[in-house]
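Descriptive structure summary
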Amino acid sequence: MYIIISELKRIYEMNVSFKKIFSVCLVLVLAVLLPACSMHETKQPDAPKPSEAATEEDNSITIGVVELDTYNPLTTKSSTTKNMLGFIFEPLFALDSKHNTSGVLAKSYETAPDGKSIKVNLKENVIWHDGKLFNAKDVVYTINMIINNDTAYTKTLKNVRAVSENDPYTLTVYFDRSVPNPTMLLSFPVIESGSFEKQSKPIGTGPFFHDYDRLKAFEAYHGNKPQIEYVKVRSVPDYAKFNSLFNASAVDVADSSLIKMTEYTPRSNATVTDFISDEMVFVGFNCSDAVFSNREARKGVYELIDRKNIVSHIYFSRAAESFYPMNPDFRFYPSVTGNVRGDQGKAEDTLKSGGWKKDKAGSYFLPMDNKTIYFGIEILVSSEDEKRVAVAESISKSMSEMGMKNTVLKCSESEFYLRVTNGNYDMFIGETALLPNNDFNELLTGPNMFNYSDEKTKTLLTQIGTLTVEKDKAEVYNEFFEHFESECPIAPICFLKESIITSAKIKSGVSPSVAGVVTRTENWSVK
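Residues numbered from 1 in each chain as written. Predicted model: local features only at pLDDT ≥ 70, side-chain atom pairs only at ≥ 80, totals over all residues. Heavy atoms only, no water.

**Description of the sheet that holds strand β5 (residues 117–122)**
Reading across from one edge, β4-β5-β7-β6 is the order of the four strands in this open sheet, with antiparallel pairing throughout. Every other strand in the sheet has two partners, leaving β4 (106–111) and β6 (160–167) as the edge strands with one partner each. Within the sheet, the average angular offset between the axes of one strand and its neighbour, ignoring direction, is 20°. Relative to strand β7 (residues 170–175), β6 runs antiparallel, the two being bridged by six bridges. (Pairing = 2+ DSSP bridges. Helix = DSSP H or I, 4+ residues; strand = E, 2+ residues; numbered from the N terminus. Axes fitted to C-alpha atoms, helices over the stretch in contact; angles between N-to-C directions.)

**Considerations on the sheet that holds strand β14 (residues 357–358)**
If you walk across this open sheet you meet the three strands as β14-β15-β16, and the pairing is antiparallel. Looking at strand neighbours, the two that pair on one side only are β14 and β16 (372–374), the edges of this open sheet. Relative to strand β15 (residues 364–367), β14 runs antiparallel, the two sharing two bridges. Looking at the pairing, K358 lines up with Y364 of β15.

**Points about the confidence of the model for the protein chain**
Confidence in the prediction for the protein chain averages 90 pLDDT; 89% of positions are at 70 or higher. Scored below 50 in pLDDT, residues 1–48 makes 13 contacts in the model with residues more than four places away or belonging to other chains. (pLDDT = per-residue confidence, 0-100. Contact = heavy atoms within 4.5 Å.)

**Notes on helix α10 (residues 386–402)**
Taking 1.5 Å as the rise per residue, α10 with 17 residues should run 24 Å; its terminal C-alpha atoms sit 25 Å apart, in good agreement. Among all positions in α10, only R388, V389, V391, A392, S394, I395, S396, S398, M399 and M402 are buried. Two or three places before K387, at the opening of α10, D385 has a side-chain oxygen 3.2 Å from that residue's backbone nitrogen. Positive backbone phi, at 100°, marks G403, one or two positions downstream of α10. (Expected span 1.5 Å × (residues − 1). Buried < 20%, exposed > 50% of the residue type's maximum accessible area, 1.4 Å probe, protein only. Polar contact = N/O pair within 3.5 Å; in protein donor to acceptor, adjacent residues only side chain to side chain.)

**Observations concerning the pattern of salt bridges**
Under the criterion given, the structure shown has 17 salt bridges. One salt bridge in this structure joins R331 and E470, with 2.9 Å as the shortest N-O distance. You can see R331 sitting in the loop between β13 (319–321) and α9 (344–353) and its partner E470 sitting in helix α14 (residues 470–487), a full 139 residues away along the chain. Here E470 falls in the partly exposed class, since its relative accessible area comes to 37%. A salt bridge links E455 to K458; the shortest N-O distance between them is 3.5 Å. With E455 and K458 both in helix α13 (residues 455–466) and three residues apart, the pair spans about one turn of that helix. Owing to a relative accessible area of 54%, E455 belongs among the exposed residues under this scheme. In this structure K458 comes out as partly exposed when scored by relative accessible area, which is 29%. Overlapping salt bridges bring together R295, E296, R298 and E487 as one network. (Salt bridge = Lys/Arg side-chain N within 4 Å of Asp/Glu carboxyl O.)

**Digging into the packing of aromatic side chains**
A full pass over the atoms with the stated rule returns 26 aromatic pairs. Centre to centre, the rings of F209 and F218 are 6.2 Å apart; their planes meet at 70°, and the pair counts as edge-to-face. Residue class for F209 comes out partly exposed when judged on its relative accessible area of 21%. F218 sits in the buried class, given a relative accessible area of 11%. Through a chain of ring-to-ring contacts, the aromatic side chains of Y302, F323, Y324, F330, F332, Y333, F440, Y477, F480, F481 and F484 assemble into a single cluster. (Phe/Tyr/Trp six-rings, centres within 6.5 Å; stacked < 30°, edge-to-face > 60°.)

**Let's talk about the side chain of D329**
Residue position: D329 is located in the loop between β13 and α9. Among the polar contacts made by the side chain of D329, one reaches the side chain of K98 at a distance of 3.5 Å. Other than its neighbours up to four places away in sequence, D329 contacts S97, K98 and I276.

**A look at the side chain of N286**
Tracing the chain through its elements places N286 in the loop between β12 (271–285) and α7 (295–304). Residue classification places N286 among the buried residues on the basis of a relative accessible area of 4%. If we skip the residues at most four places from it in the chain, N286 touches F292, S293, G423, Y425, D426, F450 and N451.

**Examining the pairing of β15**
From the end of β14 to the start of β15, which pair antiparallel, there are five residues, and G362 there has a positive phi angle of about 85°. Of the pairings in the sheet, the one linking β15 to β16 comprises three bridges and is antiparallel in character. Paired with F365 across the strands is Y374, a residue of β16.

**Topic: helix α11 (residues 413–421)**
If you check which residues of α11 are buried, you get F416, R419 and V420. Projection of α11 onto a plane perpendicular to its axis shows the buried side chains occupying an angular sector of 100°, all on one side. Structural note: α11 exposes S414, Y417 and L418 on the side pointing more than 90 degrees away from its buried face. Where α11 is buried, its residues meet β17 (376–382), α10, β18 (405–411) and β19 (427–433). Looking one or two residues beyond α11, the residue adopting positive phi is G423, at roughly 70°. (Arc of directions from axis to C-beta.)

**Some remarks on the state of the cysteines**
Going through the model one piece at a time under the given rule, you end up with zero disulfides. Free cysteine: C287, not disulfide-bonded; nearest cysteine sulfur from C488 at 9.7 Å. (Disulfide = S-S within 2.5 Å.)

**Some remarks on the environment of N309**
Looking at the element boundaries, N309 is found in helix α8 (residues 307–314). Between the C-alpha atom of N309 and that of V340, which follows or precedes it by 31 residues, the distance is 8.4 Å. Aside from chain neighbours lying at most four places away, what touches N309 is I314, R341 and S394.

Now the structure itself:
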């Protein structure tokens, strides 16, 4: 405006005869420009109405993210990032705490009679957050990315031989052998085709989409309408700060990978939701060893273990006792099991039935036709795991009191692994993560770390992989458990627990499982 006025003034000074014309023009210019300029300079964005701000605050939660390494849910190594992405991405099937499956992106499925493939029918009209339609190409792409790269789900799909798209909404997954409960393996997050290395922004099909520094309920979501409107995402510099924020209720969600649960005292307004993980602590026997090639020797140790004491005093009740290599929450886990306190009398009877005798010093030996086997073994354990060392010492004490001579051999984790894989041990204390479908084949058949081979075990496990009727499965599982107790190739001790901890703001809907801590978030509610 200053330039326009200056120019008019110059013209005025050049020609006085234009005085009247200039005066009129100047008045008109000022009358038009000054109000417009004033409006431009003073206009401010409308402030949010108090009722709208209150609604957003009332219907939102806050999550914290430490070490945001990627937006790819298949490769992130950050537990807080994985939790955030649980609001955005979805699997084909969801698992509940009892390992029952329900379709999320899958509509239905059909397993082959030989258990070596599964055909999955997908839901139609599912929309990615970028507006594209979800279809079988996305699932085929995701599975291929998992089996051909190092991801968090590569081990889960290690028995997948191939996957093919039958039509836009049907695909078939092929396995290299009969696989039990295959839908439980298909609980990984599905990503959009072509996005494995292009996750500059997370694009999922879930109930919430990424909107700058928050997640917002996706209006085109294919499932039930999310009950929460916003999820605020707070960047946190480190885990110490995260714990501080959670304790101050500035962050509403945490899990047991972030908080040391054995030292955590829940606030009165916080809710701890536990679930049993697939992480199993067990005793491994070398079945080709002079002592443990005798199944009664293995079974004697199996029956002697005081699982209750181990869980209570070593794991501080952050585990669940188990007699079988199956998650105790799994619906096929036997309702009747052994004595969790251990049973010395039963163990002694078992050894006696196997031909073991005691010498004058009270130590066991097994007379053979041409030699005598003395019960004297080493319990191998990694010195880098204090809890497993304590387990070894607990079992060692019980065995010694009964006359089963032993010593605890502690070594580095690398030496421990080398000796176990080479079969250079008598007995060891191990820990392993089972697959979500509780498949025992890797553990007990084929080449295994226990040098164990049994045809009936192989037959039963193959049969389980081909069954689809729940009643038939239950019968064969029970037969397997009975046979397992008589063989005892390993002695399961317990399965570790994991937890999600939520603030008082979250009222309901939280349902963690072995498939993930943050799942089915459309059901989460703050009201």
